[in-house]
Amino acid sequence: MDLSAYLSRHARDYRDTAALGLCLRQMVEAGLDRLPLPGSGRTLERWQRLSEVGGHDLGLCKLYEGHTDALAIIEQLGGSPTPGSTWGMWAAEPPQARVRVSRSGHMVQLDGRKAWCSGAAVLSHALLTAWDEEDRQQLVAVALDQPGVTVTDQGWQAVGMAATGSVEVLFDEVEAQAIGEPGDYLQRPGFWQGGIGIAACWYGAAREIGERLHLHCARREEPHALASLGAVDSALHGAAQALRVSALDIDSDPHGNAELLARRVRAVVEDAAEQVIRETGRALGAGPFCKDPHFARLMADLPVYLRQSHAERDLAALGQLIAQQPREGWAL
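In this report, we go over the structure that sits alongside the text. (Residues numbered from 1 in each chain as written. Predicted model: local features only at pLDDT ≥ 70, side-chain atom pairs only at ≥ 80, totals over all residues. Heavy atoms only, no water.)

This brings us to the overall build of the protein chain. Across its full length, the protein chain carries 11 helices and 7 strands. Across its three principal axes, the protein chain shows a C-alpha extent of roughly 70 × 50 × 40 Å. Across the 332 residues of the protein chain, 52% fall into the buried class. Sequence-distant contacts in the protein chain: of pairs separated by 6 or more residues, those separated by 24 or more amount to 73%. Total accessible area on the protein chain is roughly 15900 Å²; 51% of this is exposed by carbon and sulfur atoms. Within the protein chain, the 43 negative side-chain charges are centred at a point lying 5 Å from the centre of the 31 positive side-chain charges. (Helix = DSSP H or I, 4+ residues; strand = E, 2+ residues; numbered from the N terminus. Buried < 20%, exposed > 50% of the residue type's maximum accessible area, 1.4 Å probe, protein only. Contact = heavy atoms within 4.5 Å. Areas by Shrake-Rupley, 256 points an atom, 1.4 Å probe, with all protein chains shown as cover. Lys, Arg positive; Asp, Glu negative; His and termini not counted. Charge placed at Lys NZ, Arg CZ, Asp CG, Glu CD.)

Dropping the structure here:
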């Protein structure tokens, strides 16, 4: 069964983290997590699959994207995940939550607190960033079913994306495996490539929201709704083009620095998604917010997921990169 067929056969009723975890495990068992790696020549197919899950349910997409990203990172850095395992990719580094590594060869010990650990209560493993004795960032893989791992109920009060259960996790003398060398997580080409994958998830949800407006306008001609549909179409078209071009660029230079590309694409898709949310909500009114559970959940979840972007800070970083580029960079 392919991904489209699987999603079409499953209702979008993931009201809690347990339901999301069960669905992810079923997808792993069916082999639906085996996506082409970024830069493999099939990067667009990877973006398409992530987008598809994003349009189905963003909570599920958050766990699916994290799992497939973890698998890609492990493969890129020479590791080998346990067959049938489900993975979180936890790299948030707020100052009040930091995990420390005590190294003893390839195996390490973890101590500390990790924040925003999506799916922590239902995943079998996690790939996370931690810090060694020399204050270098080290990627580690850890089985979550061992003593010393405490999944709390702290740190997540969101209404949107609530089912992801992105809580804080405590580690107390927990055994883990070092993946790659210190600094590899940020220095590898796949870091920025993976950032575009998240934009593909945003796009899938925005496209599905826009489809509700398209269906409405196909049934009745309302001038204001049609104007909103035009705005939504132009926004989604631009975002889709940016994602397609990014896939071609990555496949043509899989080991290149994709930071500028990723920052541009994420900015384009974020802006498009916010325009789709605004225009569709204004055109359709309260009805689908109150009576269409799938639409209502997407409209609640997408603004939260978009905040994985850092808004003006990311735009400022993009502007700094652009300022260093030759002016002909915008030429047709």
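Alright, that's what it looks like, and here's the rest.
With that settled, consider the pattern of salt bridges. Tallied over the full model, the rule gives 17 salt bridges. Arg42 is the partner of Glu45 in a salt bridge, and the nearest nitrogen-oxygen pair spans 2.9 Å. Exposure remark for Glu45: the relative accessible area of 27% places this residue in the partly exposed category. Ionic pairing is found between Arg207 and Glu211, a salt bridge with its closest N-O pair at 3.8 Å. Pair noted here: Arg207 and Glu211 are both in helix H6 (residues 190-219), with a separation of 4 residues, about one helical turn. Note on Arg207: relative accessible area 39%, which makes it partly exposed. Relative accessible area serves as the criterion here: at 31%, Glu211 is assigned to the partly exposed category. Within the structure, one salt-bridge network assembled from shared partners comprises Arg98, Arg100 and Asp135. (Salt bridge = Lys/Arg side-chain N within 4 Å of Asp/Glu carboxyl O.)

As a further point, take the side chain of Lys114. Summarising the element assignment, Lys114 is placed in strand E3 (residues 107-117). For Lys114, a relative accessible area of 0% gives the class buried. Within polar-contact distance, the side chain of Lys114 engages the backbone oxygen of Ala92 at 3.1 Å. Apart from the residues lying within four places of it in its own chain, the contact partners of Lys114 are Trp90, Ala91, Ala92, Glu93, Ala97, Val99, Leu128, Thr129, Val167, Glu168, Val169 and Phe171. (Polar contact = N/O pair within 3.5 Å; in protein donor to acceptor, adjacent residues only side chain to side chain.)

Let us look at the packing of helix H7 (residues 223-252) against helix H8 (residues 259-284). For the pair H7 and H8, the least separation of the axes is 9 Å and the interaxial angle reads 160°. Regarding the angle of H7 to H8, the classification is roughly antiparallel. The crossing of H7 and H8 is left-handed. Class assignment of the residues belonging to the contact of H7 with H8 gives a composition of 16 nonpolar, 5 polar and 2 charged. (Axes fitted to C-alpha atoms, helices over the stretch in contact; angles between N-to-C directions. Parallel < 35°, antiparallel > 145°, perpendicular 65-115°, else oblique. Left-handed = near helix turned anticlockwise from the far one by under 90°. Nonpolar A, V, L, I, M, F, W, Y, C, P; charged D, E, K, R; others polar.)

Here the focus is helix H4 (residues 58-76). End to end, H4 covers 26 Å across 19 residues, agreeing with the expected 27 Å (1.5 Å per residue, within 8%). Counting buried residues along H4, 17 of its 19 residues qualify, which places the element largely inside the surrounding structure. Where H4 begins, one side-chain oxygen reaches toward the backbone nitrogen of Gly59, 3.0 Å away; that side chain belongs to Asp57. Just past H4, the residue Gly78 takes up positive phi, approximately 90°. (Expected span 1.5 Å × (residues − 1).)

By the definition in use, this model includes 3 aromatic pairs. Ring geometry for Phe191 against Trp192: centres 5.1 Å apart, planes inclined by 80°, an arrangement best described as edge-to-face. By relative accessible area, Trp192 is classed as buried at 17%. Between Phe289 and Phe295, the aromatic rings sit 5.3 Å apart at their centres with planes inclined by 85°, giving edge-to-face as the arrangement. The cationic tip of Arg98 hangs over the ring face of Trp131; the distance from NZ or CZ to the ring centre is 4.0 Å. (Phe/Tyr/Trp six-rings, centres within 6.5 Å; stacked < 30°, edge-to-face > 60°. Lys NZ or Arg CZ within 6 Å of the ring centre and 35° of its normal.)

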